[in-house]
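In case you want the letters, here they are:
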Amino acid sequence: VQRRRPPFDPAADDMKGASRFWPVDDGWLVGFNHGEFGAALYWFSKDGKSHYRISRHQVVDFFTLPDGIHAIEGLAHLGMSKGSVIRISRAQPNTHWQASTVTTLPFAPYAASVSRDGTLLVTLSDGMAEIGGDRKVNTIYSERMWSGLYPTSSVLSADERRLYIGMR
């Protein structure tokens, strides 16, 4: 999947080296995630000249669900592993973007794929989870199975019977 990038190099406050980007009607959602050294979710104008911090979430990946733009966020570090699914939205056009927690994940997320029916499949630091329209987390597999492989992406096959996970 070819990911779009803004036509500028996002930098804001003490944040540089953005890792995730999502185009929106009024600009870009940009995730800076430097692990234990800090993270933030920002909005940038289309030309990059204006920006503001939305939250301090550690965005791993953006995606859409039927009710709008979402992201998985979290961190696994030194025996700690936590994460959540957040929704990024505006109350009205021309207002600031906001992030709100949709559901908490049992472990830090590494990658996400969305099926045609809106089911979210999340590759976690210590397993796999499935989240349906009711937003309840169903742990499919709960064991540290990646051991040093660090999943970075996932994609469903066309028939949605297989989930392919990209790793280093």
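Refer to the structure presented above.
So, here is what we can say about the structure in this document. Being a predicted model, the structure only gives us computed values, none of them experimental. (Residues numbered from 1 in each chain as written. Predicted model: local features only at pLDDT ≥ 70, side-chain atom pairs only at ≥ 80, totals over all residues. Heavy atoms only, no water.)

### What to know about the environment of A39
- Summarising the element assignment, A39 is placed in strand β3 (residues 39–44).
- Taking relative accessible area as the criterion, A39 reaches 7% and is therefore assigned buried. (Helix = DSSP H or I, 4+ residues; strand = E, 2+ residues; numbered from the N terminus. Buried < 20%, exposed > 50% of the residue type's maximum accessible area, 1.4 Å probe, protein only.)

### Regarding empty space enclosed by the protein
- As enumerated under the stated definition, the model contains one cavity of 30 Å³ or more in all.
- Space inside the largest cavity adds up to approximately 30 Å³.
- Lining the largest cavity we find L65, V85, V102, T103, L120, I131 and R135.
- Taken together, the residues of the lining of the largest cavity break down into five nonpolar, one polar and one charged. (1 Å grid on protein atoms, 1.4 Å probe; cavity = no way out; pocket = protein on both sides within 12 Å on 5 of 7 lines; lining within 4 Å. Points joined across faces, edges and corners; volume = space filled by probe spheres on them. Nonpolar A, V, L, I, M, F, W, Y, C, P; charged D, E, K, R; others polar.)

### Digging into the pattern of salt bridges
- In the structure shown here, the tally under the stated rule is six salt bridges.
- Note that R135 is salt-bridged to D67, the shortest N-O span being 3.0 Å. You can see R135 sitting in the loop between β11 (127–131) and β12 (137–142) and its partner D67 sitting in the loop between β5 (59–65) and β6 (68–77), a full 68 residues away along the chain.
- Using a relative accessible area of 33% as the deciding quantity, one classes D67 as partly exposed.
- Across the pair R116 and E160 runs a salt bridge whose closest N-O atoms are separated by 3.5 Å. (Salt bridge = Lys/Arg side-chain N within 4 Å of Asp/Glu carboxyl O.)

### A word on the nonpolar core
- Within the largest apolar cluster, 13 residues are counted, with the highest numbers of intra-cluster contacts made by L29, L41, F62, I88 and W97.
- Of all the elements in the fold, those that place two or more residues in this core are β3, β4 (51–55), β5, β6 and β7 (80–89).
- The residues contacting W97, other than those within four sequence positions of it, are V24, D25, D26, L29, W43, Y52, I54, I69, I88, S89 and R90.
- In terms of nonpolar packing, the next biggest core, distinct from the first, is built from 12 residues, L65, L105, L120 and L124 among them. (Core = buried A, V, L, I, M, F, W, Y, C linked by side-chain atoms within 4.5 Å. Contact = heavy atoms within 4.5 Å.)

### Here we look at the packing of aromatic side chains
- A complete count under the given rule lists six aromatic pairs for this structure.
- Considering the side-chain rings of F32 and Y42, the 5.6 Å spacing of their centres and the 85° angle between planes classify their relative orientation as edge-to-face. Of the two residues, F32 sits in strand β2 (residues 27–33) while Y42 sits in strand β3, which places them 10 residues apart along the sequence. Of the two residues, F32 and Y42, both sit in the buried class.
- Judged by centre distance (5.0 Å) and plane angle (25°), the rings of W43 and Y52 are stacked. (Phe/Tyr/Trp six-rings, centres within 6.5 Å; stacked < 30°, edge-to-face > 60°.)

### Describing the sheet that holds β7
- Strands sit in the order β5-β6-β7-β8 across an open sheet of four strands; the sheet is antiparallel. In this open sheet, the two edge strands, each paired with only one partner strand, are β5 and β8 (98–105). Strand-to-strand twist of the sheet, defined as the mean angle between neighbouring strand axes without regard to direction, takes the value 30°.
- Across six bridges, β5 lies against β6 in antiparallel orientation. Within β6, the position partnered with F63 by the bridge is H70. (Pairing = 2+ DSSP bridges. Axes fitted to C-alpha atoms, helices over the stretch in contact; angles between N-to-C directions.)

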